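# Tertiary structure, described
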Amino acid sequence: MDTMQQPPRPARKVNNISPKLVIWIIVAIVLVMLVLSSFFVVDQTEQAVVLRLGKYNRTVGPGLQTKIPLGIEASYNVPTQVVQTMTFGYRQNNSTSPLFGNTDYTNESLMLTGDLNIIDVQWIVQYKIEDPVKWMFNVESRETTIRDISQSVMNKLVGDLPILAVMTSQRTSIEVEAQDNMQNLFDAFGLGVRVVTVKLQNIVPPVGQVQDAFEDVNKAIQDMNRLINEGKQNYNKIIPSARGEANQIIQIAEGYASERVNQATGDVARFNSVREVYEKSKNITRTRLYIEAMESIINPTSEGSVTLVDKNLANFLPIQMLEGGTK
């Protein structure tokens, strides 16, 4: 069977693109890329370091900045207004609370104190980048350097103190000295950073037998302090009372001594006056003293008469009982 011949299909029209158009499109794309790569944005918390052919050229502040494209100039934004936090002994696991965490990094925090005790010290270092050029070029491993210096300083300070001082009275002193020492070392290395604060977190003995033994020691110390306080309380109660009684007795004794001294002084003065008179007229004075002595022995009655002889012979001797005499 003869096949029927179909009419040929019409040829498609080929749209020929002009080479000039292609060139213009490429040129436009290149221009757009050049324009876009000539601008960069610096945030309010940053400064940008601009390098020209790999060499430092300038530092620019926040805002829209320009640079030479085609890789001739490169910019690196450095967060100079942000306080950065570095933790030791743990890592924060909550982005909203950068100062706390519970991840274990005891290889950083275990230290030996001055009294040869092992202690787990966790702390943070907060710092700001002040010189972006130094930060970019002076030290290669910047964060590793900060971490190593901080650990070295803290180990030195803790190693010079006993464990109880580290945990109680010397915490603030350690923080201040650590901040100063770290800042001096960072300046010596030319890191271009400023230490904002060093803050001690948890300071505890290692978990296990060491911690249990330390808790027993703490309980014993607390009992000792309690007994000392009770002793001081009793001391403050009893000693002032005893001192008051002693002062009272001393005052009484001093008053009695003054009285006796004054009385003795008066007796001496009276005796001296009698002696002076006696020296002048011994007979008269002797007679007067005899009469005064007899008057003190023989006290006259109310009637003014003295009877020596007992007319009624009521006594064994014929002498009447005298008032003030021996019965």
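Residues numbered from 1 in each chain as written. Predicted model: local features only at pLDDT ≥ 70, side-chain atom pairs only at ≥ 80, totals over all residues. Heavy atoms only, no water.

Further remarks concern the overall build of the protein chain. Assigned secondary structure in the protein chain consists of eight helices and nine strands. Long-range pairs, those at least 24 residues apart, make up 62% of the contacts in the protein chain with a sequence separation of at least 6. (Helix = DSSP H or I, 4+ residues; strand = E, 2+ residues; numbered from the N terminus. Contact = heavy atoms within 4.5 Å.)

Spatial ordering of the open sheet is given by β3-β2-β5, a layout of three strands whose pairing is antiparallel. With partners counted over all chains shown, the strands left at the sheet margins are β3 (55-60) and β5 (73-78), one partner each. Strand-to-strand twist of the sheet, defined as the mean angle between neighbouring strand axes without regard to direction, takes the value 25°. Examined bridge by bridge, strand β2 (residues 47-52) and β3 share five bridges and lie antiparallel to one another. Across the sheet, residue V49 finds its bridge partner in β3, namely T59. (Pairing = 2+ DSSP bridges. Axes fitted to C-alpha atoms, helices over the stretch in contact; angles between N-to-C directions.)

Residues separated by three or four positions in an α-helix point in the same direction, a consequence of the helix having 3.6 residues per turn. With 18 residues, helix α4 (residues 142-159) should cover 26 Å at 1.5 Å per step; its first-to-last C-alpha distance of 26 Å lies within 8% of that length. Residues T145, I146, R147, I149, S150, Q151, V153, M154, L157 and V158 constitute the buried set of α4. (Expected span 1.5 Å × (residues − 1). Buried < 20%, exposed > 50% of the residue type's maximum accessible area, 1.4 Å probe, protein only.)

Overall, the prediction assigns the protein chain a mean pLDDT of 82, with 82% of residues at 70 or greater. Ranking the helices and strands of the protein chain by mean pLDDT puts helix α6 (residues 171-189) first, with 95, and helix α1 (residues 19-37) last, with 77. Long-range and interchain partners of residues 95-101, a stretch whose pLDDT sits below 50, account for 17 contacts in this model, where long-range means more than four residues apart. (pLDDT = per-residue confidence, 0-100.)

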